[in-house]
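# Analysis of the macromolecular model
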Amino acid sequence: MAARVMVRVESLVKRYGRVLAVDHVSFTVDEGEVFGLLGPNGAGKTTTLEILEGLRRPDGGRVEVAGHSVVDDPRAVRTVIGVQLQEAGFFDLLTVRETLETFAAFHRRGLPVDQVLERVGLRDRHRVLVRNLSGGQKQRLSIALALINDPRIVFLDEPTTGLDPQARRNLWEMIRQIRREGRTLILTTHSMEEAEALCDRVAIMDRGRLLALDRPDRLVAEHAPGAWIILELPYGLATPAAGLPVPNGGPEPGAEPLSDRLRRLPAVEAVSVPEPGGPTVLLRTRDATATLRGLSELQAAEGLAFRSLRVEQASLEDVFLQLTGRELRE
Ligand code: ATP
């Protein structure tokens, strides 16, 4: 059976003065999906999310959430969605429990406060003042507030920005749990890694436009097939500033530079040296197996012993680079 569409966005437009923040964006989100809006600063992710939440009015297009128009029926939309409160919205002098009880009172229906505390791992912190929580705990409280009205759709705006790796992983697990309960999740992130780890599908946005939309693995297969081979050259070989690896003391007269030989290996598309003079060389390959075979022949023929060699599949980072010509950095 086809999944039910929970969110339908058709040709959405939003302008701020002369800035076209959202430029004819269309997508749908199915029930039970984790859907990611991904892009650099200013891409239009938050604006899109806030329109879906009924917090901003669109200038054009149509948006339906659980079958309700966000413009014509924002009250109905509010009863089915859960929105993460940003830290600035907290009352520092309330305890965790008081905060949840206060927000629970805004809703006609909801989950018991204790159940939500348990779910986000804040049960033993329920008497603590909000201002004394760590960054990760505040973030968990903001997710608790998004769940308090037992929503069908949960919106999270950059849920893990600023968290340390451990707190980030805890939050990922919480997001997976919310999904297992059958809720639909829509989140924004700058992090390609986060999108790959959590999202069933991602919409890549840049400068208000939607550039691509699909499952992360399909986006990689379509836009950035292949892999990176990361080599550390043997001692005695260095990569001078020009980026061409040569034996210390310069190449032997007439010898073909190693970089050229690497470039000619099967399936290699590009060779680069991320740190001028450093021992690391990156090979971009369409087919890692073919390149590795060539590399091992080269090693045997030249008696080279690479200090390390690893293969990384291309990622959404590479997709973004391919689509925009720019790197996406957190
Ligand atoms: P970030 O990751 O930095 O939050 P974003 O992808 O969420 O970025 P938006 O916050 O939606 O992007 O911003 C999209 C564009 O609209 C940007 O050019 C931004 O400067 C502009 N913008 C956002 N909010 C306003 C506003 N209230 N008034 C004027 N311009 C705005």
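Just so we're clear, the structure is a prediction, and the values are computed from it rather than from any experiment.

For the rest of this paragraph, the subject is the overall build of the chain. Of regular secondary structure, the chain possesses 11 helices and 16 strands. In terms of principal-axis extent, the alpha carbons of the chain reach across some 80 × 45 × 45 Å. By residue count, 47% of the 330 residues in the chain fall in the buried class. If you take every contact in the chain between residues at least 6 apart in sequence, the share linking residues at least 24 apart comes to 67%. Only carbon and sulfur atoms are counted for the fraction: they give 47% of the accessible area of the chain, which is about 16400 Å². Here the chain carries 43 positive and 46 negative side-chain charges, and the mean point of each set is 5 Å from the other.

Once that is clear, we can look at the pairing of strand E11 (residues 227–232). Inspection of the sheet shows E11 paired to strand E15 (residues 280–285) by six bridges, in the antiparallel sense. Counterpart to Ile-230 in the pairing with E15 is Leu-282.

With that out of the way, let us pick up the domain arrangement of the chain. Annotation of the chain at the domain level lists domain 1 (5–221) and domain 2 (227–313). Placing a centre on the C-alpha atoms of domain 1 and another on those of domain 2 gives a separation of 44 Å.

Read across the sheet, four strands follow the order E2-E1-E4-E5 without closing on themselves; strand pairing throughout is antiparallel. With partners counted over all chains shown, the strands left at the sheet margins are strand E2 (19–30) and strand E5 (68–69), one partner each. Inspection of the sheet shows strand E4 (residues 60–65) paired to E5 by two bridges, in the antiparallel sense. Across the sheet, residue Glu-64 finds its bridge partner in E5, namely Ser-69.

Here the focus is the site of the ligand. Residues in close proximity to the ligand total 14 residues, the closest being Gly-42, Gly-44, Thr-46, Thr-47 and His-190. Within the backbone of Ala-43, a nitrogen or oxygen atom sits 3.0 Å from an oxygen atom of the ligand. Here Thr-46 contributes a side-chain N or O atom positioned 2.7 Å from an oxygen atom of the ligand. Notes on the ligand: free accessible area 630 Å², of which the protein chains cover 62%. For the shell around the ligand, the secondary structure elements donating two or more residues are E2 and helix H1 (45–52). Counting residues per element, the shell around the ligand draws most heavily on H1, at three residues. Residue composition of the shell around the ligand, by class: five nonpolar, six polar and three charged.

Okay, the packing of helix H5 (residues 135–147) against helix H6 (residues 165–180) next. Between H5 and H6, the shortest axis-to-axis distance is 10 Å and the interhelical angle comes to 15°. Accordingly, the angle class assigned to the pair H5 and H6 is roughly parallel. Along this stretch, H5 crosses H6, giving a crossing that reads as right-handed. Of H6, the residues touching H5 (which contributes Gly-136, Gln-139, Arg-140, Ile-143 and Leu-147) are Ala-167, Leu-171, Met-174 and Ile-178. Split by residue class, the contact of H5 with H6 holds six nonpolar, two polar and one charged.

Let us now look at unusual backbone geometry. Keep in mind that most residues, glycine aside, have a negative phi and that most peptide bonds are trans. Positive phi, close to 50°, is recorded for Asp-150, a residue that is not glycine. If you trace the backbone, Asp-150 turns up in the loop between H5 and strand E7 (153–157). If you check the backbone angles, Ala-267 has positive phi at about 70° while not being a glycine. Following the sequence through the fold, Ala-267 ends up in the loop between helix H9 (258–263) and strand E14 (268–272). Taking the relative accessible area as the measure of exposure, Ala-267 reaches 16% and is therefore buried.

In this section: the nonpolar core. Among soluble globular proteins, nonpolar side chains are generally buried collectively. Judged by nonpolar contacts, the single largest core of 47 residues is most densely connected at Leu-100, Leu-141 and Leu-316. Beyond its immediate sequence surroundings of up to four residues, Leu-316 is in contact with Leu-38, Met-192, Ala-195, Glu-196, Val-202, Pro-216, Leu-219 and Val-220. Judged by nonpolar contacts, the second largest core, of 27 residues, contains Phe-35, Val-70, Val-77 and Ile-186.

Calculation criteria
Residues numbered from 1 in each chain as written. Predicted model: local features only at pLDDT ≥ 70, side-chain atom pairs only at ≥ 80, totals over all residues. Heavy atoms only, no water. Helix = DSSP H or I, 4+ residues; strand = E, 2+ residues; numbered from the N terminus. Buried < 20%, exposed > 50% of the residue type's maximum accessible area, 1.4 Å probe, protein only. Contact = heavy atoms within 4.5 Å. Areas by Shrake-Rupley, 256 points an atom, 1.4 Å probe, with all protein chains shown as cover. Lys, Arg positive; Asp, Glu negative; His and termini not counted. Charge placed at Lys NZ, Arg CZ, Asp CG, Glu CD. Pairing = 2+ DSSP bridges. Domains from an automatic or database assignment. Near = heavy atom within 4 Å. Polar contact = N/O pair within 3.5 Å; in protein donor to acceptor, adjacent residues only side chain to side chain. Nonpolar A, V, L, I, M, F, W, Y, C, P; charged D, E, K, R; others polar. Axes fitted to C-alpha atoms, helices over the stretch in contact; angles between N-to-C directions. Parallel < 35°, antiparallel > 145°, perpendicular 65-115°, else oblique. Left-handed = near helix turned anticlockwise from the far one by under 90°. Core = buried A, V, L, I, M, F, W, Y, C linked by side-chain atoms within 4.5 Å.

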